[in-house]
Amino acid sequence: MTSRASEIMEKTHLEDPLADSNKARESVDGIKDGAEARGFSFQVLKEGESKGIRARLGILRTRHGIVETPCFVPVATLASVRSLDYSDLASLGIQSVLANTYHLHLRPGDELIRKLGGLHKFMAFDGPIFTDSGGFQAFSLGFGREHNVSKIGGVFPDPDKGSSVKAHPLRRDNLTKITEEGVYFKSLQDGEWHFLNPETSMRIQSNLGSDAIMAFDECTSPLSDYDYTKEAMERTHRWAQQSLKFHDPKQAIYGIIQGGWFEDLRAESTEFTSSQPFDGIAIGGSLGENKQDMHKILDWVIPKLDSRPRHLLGIGDADDLFEGVERGIDTFDCVSPTRIARRGSLYITPLAGGCQKNKFRIDVKALRFKEDPRPIDPYCSCPTCQRYSRAYLWHLYHAKELSYFRLASIHNLHFMLRLMESIRESIAQGTFRELKEQWLGKALPGERSKEVSREKLGCDESIYDESGCNESGSNGDRVCGDDLDA
Ligand SMILES: [Zn+2]
């Protein structure tokens, strides 16, 4: 972190640790104890540089250290950020990870992890760990598979052409059964049925020993109609209260706002979730047909929230970070950086030709990079870019060398973490709007970035991947698809 942001943070480290979030939580129903046991608090250091920008700089304190926010939280589904080890996480400066309750319950089993000393010890990561509740799998293994859609539509449609969410023709079996009591899941590993409800989800997350847990919820599909979305939201509210009843008081707990892309349901869910004594608030569920819908949903929800920390579940492309932070999101998690890295998509900054049109990515497996001696991004300081060329990564990818996964994942995570670092710095300096314009501004996508990189790199258009990310499979744009591929 650079000087201005760290100055602000250092000054406030000495302040009362019972920060804004606990005061907000206590004001909900007068709860006065528990904050110390959880060791959890959130302090907003700076908020809202100008009209319409609600970006905030903060510190999340947990029993396993602090998280400077806004923060991108990499996903460690099976207690591992895929292809990386503890030393990679440390050298990348990863502050926190998010692991998956459902998958760790199935393998190796949460009881085993508890016996072995908990998740931090098991995966040798001593920073703050979030766990989700398993509620997302109610969607991803259920309607997500059946409709073959992600949280945001089936694919991101081109907003200029206009479109509506449609079920993908390649539907698969729905592997869940949702009842008032909980969710039955059919395991992809052994075909056995497993059951999760608020009580079991809380017990599993307690066994894992994560710092911040999620209430058990039902994430709905963008194809769910109003009536079903309302029914699922009301069920989620009942499960939220049960989650509060059964959760381990040593763990901080986030409630999850549902309601799909229906404004009145989002308003109702925001009001309900905020009225409960959660430590933090997460925004989940279907986020509409495209990214514009997602922004609209955030605009409906966030202005109604108090100072408790806000987490946006399962979202995290470069432009999402800007749009989410601008609206007041504090933490994000997403499998995208490591998942797309494994499929050949590597991030590049605007200086290297990255723009919204190419999603700030090159497709390193494309033939044009076979003899390219340049690093992925000449402006990147990650270990991969310091030593290796695009040609070498092209070769590793096509030769199916295992080292490709590690080198590519390191670069993509480094990109996301450094981007978030510069976002924090810009909030501290009051220049968030300028930074956002440099990355997403009207003039930048396409034209200006080409000029910059032509001038600075002397490169031709082969640096750009105008066709966008050419991921394998029919759902290249999915943010959160089959979570076993996380
Ligand atoms: Zn790099």
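Reading the values: the criteria
Residues numbered from 1 in each chain as written. Predicted model: local features only at pLDDT ≥ 70, side-chain atom pairs only at ≥ 80, totals over all residues. Heavy atoms only, no water. Salt bridge = Lys/Arg side-chain N within 4 Å of Asp/Glu carboxyl O. Helix = DSSP H or I, 4+ residues; strand = E, 2+ residues; numbered from the N terminus. Buried < 20%, exposed > 50% of the residue type's maximum accessible area, 1.4 Å probe, protein only. Donors = N, O, S within 2.8 Å, 3.2 Å for Na, K, Ca; no water. Tetrahedral: all angles 85-135°; square planar, octahedral: opposite > 155°, others 65-115°. Patch = residues over 30% accessible without salt bridge, like charges linked within 9 Å, V, L, I, M, F, W, Y side chains within 5 Å. Areas by Shrake-Rupley, 256 points an atom, 1.4 Å probe, with all protein chains shown as cover. Polar contact = N/O pair within 3.5 Å; in protein donor to acceptor, adjacent residues only side chain to side chain. Arc of directions from axis to C-beta. Phe/Tyr/Trp six-rings, centres within 6.5 Å; stacked < 30°, edge-to-face > 60°. Contact = heavy atoms within 4.5 Å. Core = buried A, V, L, I, M, F, W, Y, C linked by side-chain atoms within 4.5 Å.

1. Let's talk about the pattern of salt bridges
Here is step 1 of the chain: According to the stated counting rule, one finds 27 salt bridges in the structure shown.
Here is step 2 of the chain: Among the salt bridges present, the one from E231 reaches R235, with a minimum N-O distance of 3.3 Å. A residue pair is termed a helical-turn pair when its members lie 3 or 4 positions apart in one helix, as E231 and R235 do in helix α10 (residues 226-246) at 4 residues.
Here is step 3 of the chain: R235 sits in the buried class, given a relative accessible area of 6%.
Here is step 4 of the chain: A salt bridge links D293 to K296; its shortest N-O distance comes to 3.7 Å. Highlighted residues: D293 and K296, both in helix α12 (residues 291-301), separated by 3 residues, approximately one helical turn.
Here is step 5 of the chain: For D293, a relative accessible area of 13% gives the class buried.
Here is step 6 of the chain: You can call K296 partly exposed: its relative accessible area is 43%.
Here is step 7 of the chain: Taken together, the salt bridges that share partners define one network made up of R54, D299, E323, E326, R327 and K436.

2. Quick look at the coordination of the zinc ion
Here is step 1 of the chain: Bound to the zinc ion on the protein side are C380 (SG), C382 (SG), C385 (SG) and H411 (ND1), at distances that span 2.1 to 2.3 Å.
Here is step 2 of the chain: Taken together, the 4 donor atoms surrounding the zinc ion define angles of 99 to 116° at the centre, an arrangement classified as tetrahedral.

3. Re a nonpolar patch on the surface
Here is step 1 of the chain: Together, L112, L116 and F122 make up an exposed nonpolar region whose accessible area comes to about 240 Å².
Here is step 2 of the chain: For L112, a relative accessible area of 37% translates into the label partly exposed.

4. Re the environment of R390
Here is step 1 of the chain: Topologically, R390 is positioned in helix α16 (residues 390-398).
Here is step 2 of the chain: You can call R390 buried: its relative accessible area is 0%.
Here is step 3 of the chain: Between the C-alpha atoms of R390 and R374, which are 16 residues apart in sequence, the distance is 6.0 Å.
Here is step 4 of the chain: In terms of polar contacts, R390 uses its side chain to reach the side chain of D372, at 3.1 Å.

5. Some points on helix α18 (residues 432-440)
Here is step 1 of the chain: The complete set of buried residues in α18 reads F432, L435, K436, W439 and L440. Taken down its axis, α18 places every buried residue within 105° of arc, on the same side.

6. Some points on the packing of aromatic side chains
Here is step 1 of the chain: Tallied over the entire structure, the rule returns 14 aromatic pairs.
Here is step 2 of the chain: Ring geometry for F322 versus W439: centroids 5.9 Å apart, planes at 40°, classification tilted. Residue F322 is found in helix α13 (residues 318-326), and its partner W439 is found in helix α18; the two are separated by 117 residues along the sequence.
Here is step 3 of the chain: A relative accessible area of 0% means that F322 is categorised as buried.
Here is step 4 of the chain: Look at W439 and you get buried, because its relative accessible area is 10%.
Here is step 5 of the chain: Ring geometry for Y388 and Y392: centres 5.0 Å apart, planes at 15°, overall stacked.
Here is step 6 of the chain: For Y388, a relative accessible area of 28% translates into the label partly exposed.

7. Some remarks on the environment of L417
Here is step 1 of the chain: If you trace the backbone, L417 turns up in helix α17 (residues 403-429).
Here is step 2 of the chain: Through-space distance from the C-alpha of L417 to that of Q95 is 9.4 Å; in sequence the pair is 322 residues apart.
Here is step 3 of the chain: Not counting the four nearest positions on each side in its chain, L417 is found in contact with F72, L92 and I94.

8. Side note on the nonpolar core
Here is step 1 of the chain: V97, L119 and I423 are the most contacted members of the largest nonpolar core, which has 67 residues in total.
Here is step 2 of the chain: No other element matches the 10 residues that α17 contributes to this core.
Here is step 3 of the chain: Residues within four places of L119 in sequence aside, it is in contact with A79, A99, L104, I113, A124, I129, T131 and L208.
Here is step 4 of the chain: Among the nonpolar cores identified, the runner-up in size contains 18 residues, and I362, C382, W394 and L396 belong to it.

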